Amino acid sequence: MMLSNMLDLRPALVLTLLTTIDFVIPLKDVRVSVPAAIRRGDNANLICDYDIEGDTLYSVKWYKGKREFFRYRPKENPSLKTFPVLGITVERSQSNGSHLTLTAVEPTMSGRYTCEVSADAPSFHTMVVSSEMEVVNIPMSKPHISGLKPYYRIGDLLLGNCTSYYSKPAANLTWLVNGNEVSPKQTVLYSVVRDPDNGLETSILGLFFQVTNYYVGRTKLKFTCVARIYNVYEQRSERTLEDERPNMLTSASASPVGLNVNHIHSLYEQFPASSYHHHDTGGDFDNQTAMPT
């Protein structure tokens, strides 16, 4: 008789289990938004989104590396707790179960940040998502151009350097001529120089640029060096070089139509070098070699 009653209960038990499975939908779609790069001293806003659906939220925890520094449990009082981790300061008034604000970030705060979201009973489902953040020490000054002489002639090989001092990480450098990016074949990327005292890095990009006949008739060449670090820093410096030809050639060179380049070169030979070379005894123009500065 007892066995018969137990068998009679089985359909109801199966129905109850199926109903539970159908209507208790676990935690899903956990996503984090962490700045890939941020300037030193800025506030960092971290976001942990999740879809709790049929579950009840138990906790949200944030870790740097393997160390927990923030916990949110809505059923506890207080619901928000922080734990000491080197360099991390949480702005409690701007932090909750989904948003977290770190104030005045420092380079020691670079690293992996992990959000752990846990559902309450009965599922106790937990999901973990991570992302990297790098705190950038930006340069204190614009990139520095050195080595370019102030005047040029067709056929000259122009040598110069662009240097971006003391940042972390080192800045990416690009040369432009009249707004157009110079071919990598015309540049030399030197090894990054690291300061042993503070760990900051200096990047140097050399330039060896041949002034070809394409530039005949252009009275000026504008050289630009652009320094970039991720999307948080961009600065540029410019240097304008003027055509070194004598004034008597200006009208002839101004129009490229029917221009006889060989004739211009023969006219150059009629003048001693001292009559049209500019001699500048100061500044960076004196450095004619593309050596690291």
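Description of the structure in this document. (Residues numbered from 1 in each chain as written. Predicted model: local features only at pLDDT ≥ 70, side-chain atom pairs only at ≥ 80, totals over all residues. Heavy atoms only, no water.)

Ranked by size, the top nonpolar core spans 27 residues in total, and within it Trp 62, Phe 69, Leu 102 and Tyr 113 carry the most contacts. Contributing elements (two or more residues each) for this core: β3 (44–51), β4 (57–64), β5 (67–72), β7 (99–102), β8 (111–119) and β9 (126–136). In terms of nonpolar packing, the next biggest core, distinct from the first, is built from 26 residues, Val 182, Cys 225, Ile 229 and Val 232 among them. (Core = buried A, V, L, I, M, F, W, Y, C linked by side-chain atoms within 4.5 Å. Buried < 20%, exposed > 50% of the residue type's maximum accessible area, 1.4 Å probe, protein only. Helix = DSSP H or I, 4+ residues; strand = E, 2+ residues; numbered from the N terminus.)

As a further point, take the pairing of β8. Here β8 lies mainly inside the structure; 8 of its 9 residues are buried. Both β4 and β8 contribute to a ladder of 7 bridges, which runs antiparallel. Its bridge partner being in β8, Leu 57 is matched across the sheet by Ala 119. The pairing of β8 with β9 spans 8 bridges and is classified as antiparallel. Bridge assignment links Ser 118 to a residue of β9, and that residue is Thr 126. Where β8 folds back onto β9 in an antiparallel hairpin, the turn is made up of 6 residues, including Phe 124, whose phi is positive at roughly 50°. (Pairing = 2+ DSSP bridges.)

By themselves, these figures tell us nothing about what the structure is for.
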